Structures are given as structure tokens and as C-alpha cells.
Amino acid sequence: MSDTHITSVLNEARVFAPQPEFRAQAYWQDLDAYRAEHERSLQDPEGFWGEVAKELSWFEPWGKVLEWNLPDAKWFVGGKTNLCFNCVDRQVESGHGDQLAILWEGEAVGPDGPEVRRLSYADLQAETSRFANALKAQGVKKGDVVTIYMGMVPELAIAVLACARIGAPHSVVFGGFSSHAIADRVDDADSKVVITCDGSWRRGKVVPLKANVDAACELTSKIETVIVVERCGNEVAMREGRDLWWRDAVQGVDAECPCEPMDAEDMLFLLYTSGSTGKPKGIVHTTGGYMVYTYLTSKYTFNLKPDTGQVYWCTADVGWITGHSYILYGILPNRVPSLMFEGAPNFPEVDRFWDICERHKVTQFYTAPTAIRAFMKWGDEAVTKHDLSSLQLLGTVGEPINPEAWMWYREVVGGSRCPIVDTWWQTETGGHMLTPLPGATPTVPGSCTLPFFGIDAAVVDESGNEVPLNRGGLLAIRKPWPSMLRGIHGDRERFVQTYFSRLEGMYFPGDGARRDAHGNFWIMGRVDDVINVAGHRLGTMEVESALVSHPQVVEAAVVGMPHEIKGTGIAAFVTLGPGVAASPELSATLQAHVGEEIGAIAKPDLIQFTDHLPKTRSGKIMRRLLRDVAAKRAITGDVTTLEDFSVLETLQKYQED
Ligand code: WT7
């Protein structure tokens, strides 16, 4: 988080009441009503969540709503349900099989416009059943982890839901990650089946997904079966006995497959995310609580109402938690069509998103601040030339939004008509934690405002005591909530250490925050060695290990630095081996190397070669100083623990370059 951002948010005084026209049709229309219900949800979580859960379908009722033995939560104990059933079959059985479930648009724009596919709930039921049977035919059983590495095609949604249908937890690996990243995740999850595509489209070019999976197969011996969707028609090597085409896998397969009754606490999916050490962690989410929480947050945060002509669009990739919770699992049970877009925001032109909003009459639009900043740069005209009068609500997620971007979003995209929901949450929380309720909560540019129902959030000091208003501290969640992570796959110790040890008796998300005079929360960014680059989370140590795995690198220190579009960019300070000369070519080589080790999102924006890194006498790298250097601001704070003071001079010299 840059200093300028912090100063500007501290001075932010604009407050916007929900627009009357919006409020009139909102579930929650009044701040006091929200406060009363929030209070009730904290006083009586079992009563509150038990009622919500009854809005969904269960094969067997639960006994107890919550069993809490810190840090272990069990929700809807003994209840049996299936999330694919609630997304799909439930809608068919209630007579809505013909309604639109997924509205998909491809990236390429041909002479007749882009390719569009419309899947009704009945279509989804048939397709998920067919593919579920195909998975079974490949030997996939309840409890087997299936890895999914695909572009944003309809088959991705089908694959995810088919896994849920048969109780095989999925591990979706974002299609921008490298073969190393696939192999690490496959190994950690002990996953034998991978679903992929021949390639995925990115700004008219093919990303060779299948070739990346082939390379991953050289790095791990776990992969026994690879199912390949034909999307781009690029050349792929199919290995006999291991690889098969999706179309062949579903050929002649029965389109009926009952939904497996899942225990509320059975694992629904694993999703890997970066932490403050080198190795990404597999976040475990289970079925019942995650279902209920993502359902309710979708309904209230986005004000979703079936049969009112709404079209909801979240621009995230299903490879991230945002796509899991708010393209699929939370949205489909609300019976509002979910739009899925294959491509980039600026292809073929910078107005692509607005063109989509206009053509499909999008009503709810949910994106990331980094995208909003890019649009601002591309100019208002790209937005204003489109008729965006269908929009009712705008959302943002992934990183703090600067007030300037918030105001631009409100005025230029939303025509000052649409409330903005700035939703703070994480892979680990499963769903929105801090967010306005759009018809009830007054909003302030840059603040994610107030906790959702059932969320006991506070800003505390290291001893867990609440700090006074307007004072910075650590964000803490003091009570369990239904969609909280249930663990880190295979690493109990890390689970306890990371989330439940810094603050006694509370969940610690790793963010700093403060509350203003209205009690609104302001997220001040990560307080650990995690950085948030364009809304994507990366561990600085993960990038460092990628750098030092290059033979010419001896040591590397990675920090975040202010970046106009990405919010935070990546700065790497690198020391080279004896006799290795620094050069722009080497810099490019190292960037490419990180791209191969992790993925393009992890490529450093700046590589600064240096003979020494600033270290304490005990040998710890003083990243704080490097952050100052990278941000080109004065080196502040205590430097007395520096081992070698001459390093300071060298560092200051870099700021002049
Ligand atoms: C981290 C979680 C939640 C899905 C996307 C990212 C930051 C997220 C906000 C927001 C300020 C935010 C936090 C959080 N973050 N949303 N609205 N305002 N910061 O999920 O990769 O698990 O990252 O993203 O730092 O801890 P994730």
C-alpha cells in the first residue's frame, strides 16, 4: 500500500447514501435494520444460519448448526446435501429447467459477432451428469482430488460442477500458471486426474495449456489421466493410455447421474493460494457451510432476485476463489444467470467489457480495482459510447480501491445510479466478510464498510484488544463463520500457525485495518510477506525461490512497490554469482524464468542488481528498507540493526537511477 493512498483515504469524507430507486427494490433498505440483524446473527448464530440453510435443499437435515472447537468449526453437523444439486437440479425440479443458468461469451469477435453459448439449468444438469459419469468411468471416486487447468470455457463450469456432483474435490489451477505450479499442486493434492484444454485464447493468441500439462507430467509421476477439451485447435500431443479428448470421454455416456449425498463437512474443493513462506497452501473448503454462506452473500451483497431479468457478471477467472464463489457456487443457487467471459478486457478493443454489458444487458457487474484503473487510463469514451442503463449495481474485490478509481467507477460506469459494493474477503474466508449491503449501507470511497451477517470483525492490537477508532491495527475475526477454511491440506501446523496463533482465540487474516468514526473498516494492506499484485496474491518468498533457482542468482529479496495500474508491482533485488555481469538481457532472462517457475503474474516489474542486500547482524534481510528504495521514498525507521551501513548508500543511489 502506498503512502499517498493511505493519506488520501485518511482524508476521505464523502459519504453516499444508497440511491432511492435502488433502495426501493433492495432486500435490505435500512442501516438500522442491518445493525439489528447483524447483532442477532452474532448473538444467535445457530438460529440465524439454521434459517438461511432451510432456503436450500438437503437430503438429510443437520443435527447441530455449529460445533466450535477453536480452530475447528463444524457447521450443519450430520446434514447431507450436494452443492451441484443446489446449483442445478434444484432449479430443474422446481420447474425452472429452461431458465438461463450460464451465459458464455468467447473471446474472438467474428463477422457475426462473438461466439455465445447459453446453458439452461436443464442443459447443465445433462452436461454435468454426463461428464460426472465420464469421470467415474475413468475411475474417479468420491474423495479423489481432480485437478482442473482450463481456460474460461463452459466446460470449465461443467467440470467443476461435475466434480461436486460425485463428491470428488476439485483443485482448480489458474490457466496462467506454469507447468511447475501445476506439478507442485498435483503432488501436494495427490491428484491423478487432470482436466485441461488444448489451449486457451488470450488476446487472439493461444496459451498452450495441454503442452503445459505435458511438461507437468515430466515433473510429477502422479498424473494418470488427462482429459482434454478441444478449444483452439492447436496441435497437441496425445499420449496413448493417459490422454483422452473430452468429446470421446462423454461419447455415448448416460446423461443421468444422481448427486452424491455429501456430508456437510465433506471437502468440496482445494484451492491453492500463496502464503508468506515459499510453498503455496491448499485451502480446504467443505460443503454445507460454504454453500449456505456463498448463497446468502451472493443474494444480499448483489441483491440477486430471480425472475426479474437480472444478468450477473463477475469478470474474475474461475481459477480464483472469486470465480468459485461468485461465478458458480453462490450465484447459481440464487437462480440468476451468471455470465462467463473467455477473454481479456481490451480485446479486440478497450471497450470490450462495456460492449458485453450493453449487448447482454448486464445488471450486476463485479470486477477488480486493477481493471478499473486500466479503464480509467483507456478513457471515458470507451465506456460512455455504450448504453449501460441496464446496470443496477457495481462491485469490486481483490485489493483496496483508491477513492479516485471508486469515484470514476461510480460516475462514469454507474452513471451515479448504481451503488458500489467494495467486498473484502479472502480465499480462506470463502465469501464476503466486509461489504456494504447495497440498499442499506452508506458507502465511502475506499472503504469496504461493515461486516456481513454473522461476522464478528474488529481491529485489534497484538494482545487482541480493540484499538480506538481511527487507529491502525490488525484485522481480526472473533467468531467462526460457515464458509471459513477448514484447514490447509496436509499441514495442520501451518493452519494453526498462520491463522490462529498471532491473536489468541481469533482468526487472523494477515491484513492491517482501521475503523473510521462511523465504524467503517478501511483495509490498509497485508502485514505479512504476501503482496497483492493486480488483485492476485503472491508470496514474496515464492518469487524469491523462483529467482534463486536460476543458476546465475545467489540471493534475491522481493518486495511490493507502488504501481499505477496493478496497485502493487513486484520489485526484486538480486545478487549475482561471481563473475556474472548484470545486464538488461539478464534482467529479461530472470523475468522469463520467474514466468516459467510460477506464471506470468509473478514476473518482477523491476529487477535491481546489487552487490549486497541490507541485512541485520543476525542475517535477516531488512525488506522494510527495500520497500522504501523501490517506492523511491526516503529510507525511514530504525537502521541501527544494519550489519553494514555502506549498503544504505548503495541503496539510496538506486533511487536516483
Ligand atoms: C487478500 C486476499 C477475495 C478474492 C480475491 C483475493 C486483499 C481482497 C479486498 C478489498 C482491500 C482486499 C486482502 C486479502 N483484498 N479484497 N475489497 N479491499 N483488500 O483473494 O487472493 O485470497 O487475497 O486480498 O489483502 O487478505 P485472495
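Going by the structure above, here's the rest.
Residues numbered from 1 in each chain as written. Predicted model: local features only at pLDDT ≥ 70, side-chain atom pairs only at ≥ 80, totals over all residues. Heavy atoms only, no water.

A.B. asks: What is the right way to read the packing of aromatic side chains from this model?
C.D. replies: Remark: the centre distance and the inter-plane angle together describe each pair of aromatic rings, the angle taken between the planes. For the coordinates displayed, the defined rule picks out 44 aromatic pairs. For the pair tyrosine 326 and tyrosine 366, a centre-to-centre distance of 6.3 Å together with 80° between the ring planes defines the contact as edge-to-face. Of this pair, tyrosine 326 sits in helix 12 (residues 321–329) while tyrosine 366 sits in strand 18 (residues 364–367), and the two are 40 residues apart along the sequence. By relative accessible area, which is 0% here, tyrosine 326 ends up buried. Here the aromatic cluster, defined as three or more aromatic residues joined through ring pairs, consists of Tyr27, Trp28, Tyr34, Phe48, Trp49, Tyr293, Tyr300, Phe452 and Phe453. The ring of tryptophan 245 carries the charged tip of arginine 247 above its face, separated from the ring centre by 5.1 Å. (Phe/Tyr/Trp six-rings, centres within 6.5 Å; stacked < 30°, edge-to-face > 60°. Helix = DSSP H or I, 4+ residues; strand = E, 2+ residues; numbered from the N terminus. Buried < 20%, exposed > 50% of the residue type's maximum accessible area, 1.4 Å probe, protein only. Lys NZ or Arg CZ within 6 Å of the ring centre and 35° of its normal.)

A.B. asks: Explain the site of the ligand here, please?
C.D. replies: As a structural note, the neighbourhood of the ligand is formed by 17 residues, with Asp422, Thr423, Thr427, Asp511 and Arg537 the closest of them. A distance of 2.9 Å is found between an oxygen atom of the ligand and a side-chain nitrogen or oxygen belonging to glutamine 426. Contact with the protein chains removes 95% of the 550 Å² of surface that the ligand exposes when unbound. Mapped by element, the contributors of at least two residues to the shell around the ligand are helix 12, strand 20 (420–423) and strand 25 (521–526). The class makeup of the residues in the shell around the ligand is six nonpolar, six polar and five charged. (Near = heavy atom within 4 Å. Polar contact = N/O pair within 3.5 Å; in protein donor to acceptor, adjacent residues only side chain to side chain. Areas by Shrake-Rupley, 256 points an atom, 1.4 Å probe, with all protein chains shown as cover. Nonpolar A, V, L, I, M, F, W, Y, C, P; charged D, E, K, R; others polar.)

A.B. asks: I keep staring at the side chain of serine 274 and nothing clicks. Help me out?
C.D. replies: Relative to the helices and strands, serine 274 is located in the loop between strand 14 (267–273) and strand 15 (281–286). Its relative accessible area of 4% is what places serine 274 among the buried residues. A distance of 2.6 Å separates the side chain of serine 274 from the side chain of glutamate 542, its partner in a polar contact. Other than its neighbours up to four places away in sequence, serine 274 contacts Pro280, Lys281, Val530, Arg537, Leu538, Gly539 and Glu542. (Contact = heavy atoms within 4.5 Å.)

A.B. asks: Looking at this structure, I do not really get the packing of helix 6 (residues 121–137) against helix 7 (residues 154–166). What am I missing?
C.D. replies: Each pair of packed helices gets described by two things: the angle between the helix axes and the distance between those axes. Between helix 6 and helix 7, the shortest axis-to-axis distance is 8 Å and the interhelical angle comes to 70°. Here helix 6 lies roughly perpendicular to helix 7, going by the angle between them. The interaxial crossing formed by helix 6 with helix 7 has right-handed handedness. Along its contact with helix 6, which presents Leu124, Gln125, Glu127, Thr128, Ser129, Phe131, Ala132, Leu135 and Lys136, the element helix 7 presents Ile158, Ala159, Leu161, Ala162, Cys163, Arg165 and Ile166. Residues belonging to the contact of helix 6 with helix 7 are distributed by class as follows: 10 nonpolar, three polar and three charged. (Axes fitted to C-alpha atoms, helices over the stretch in contact; angles between N-to-C directions. Parallel < 35°, antiparallel > 145°, perpendicular 65-115°, else oblique. Left-handed = near helix turned anticlockwise from the far one by under 90°.)

A.B. asks: What is the right way to look at the sheet that holds strand 22 (residues 473–477) in this model?
C.D. replies: Read from one edge of the open sheet, four strands run 21-22-24-25, paired in antiparallel fashion. Only two strands of the sheet have a single neighbouring strand rather than two, namely strand 21 (457–460) and strand 25. The sheet shows a mean angle of 45° between the axes of neighbouring strands, taken without regard to direction. Note that strand 21 and strand 22 share four bridges and pair antiparallel. Looking at the pairing, alanine 457 lines up with isoleucine 477 of strand 22. (Pairing = 2+ DSSP bridges.)

A.B. asks: Whenever I open this one, the nonpolar core confuses me. Can you help?
C.D. replies: The tendency in soluble globular proteins is for nonpolar side chains to be buried as a group. Within the largest apolar cluster, 156 residues are counted, with the highest numbers of intra-cluster contacts made by Trp49, Phe76, Ile102, Phe131, Ile148, Tyr329 and Val574. With 10 residues, the single largest contributor to this core is helix 7. Once residues within four sequence positions are removed from consideration, valine 574 is found in contact with Leu547, Val553, Glu555, Ala556, Leu590, Ile607, Gln608, Phe609 and Thr610. In this structure, Trp406, Met407, Tyr409 and Val412 belong to the second largest nonpolar core, which totals 29 residues. (Core = buried A, V, L, I, M, F, W, Y, C linked by side-chain atoms within 4.5 Å.)

A.B. asks: It is not clear to me how the packing of helix 5 (residues 83–96) against helix 7 should be interpreted in this structure. Could you clarify?
C.D. replies: Running from N to C, helix 5 and helix 7 point in directions that differ by 115°, and their axes come no closer than 7 Å. The crossing of helix 5 and helix 7 is left-handed. Along the contact surface, helix 5 presents Cys84, Cys87, Val88 and Asp89, while helix 7 presents Leu161, Ala164 and Arg165.

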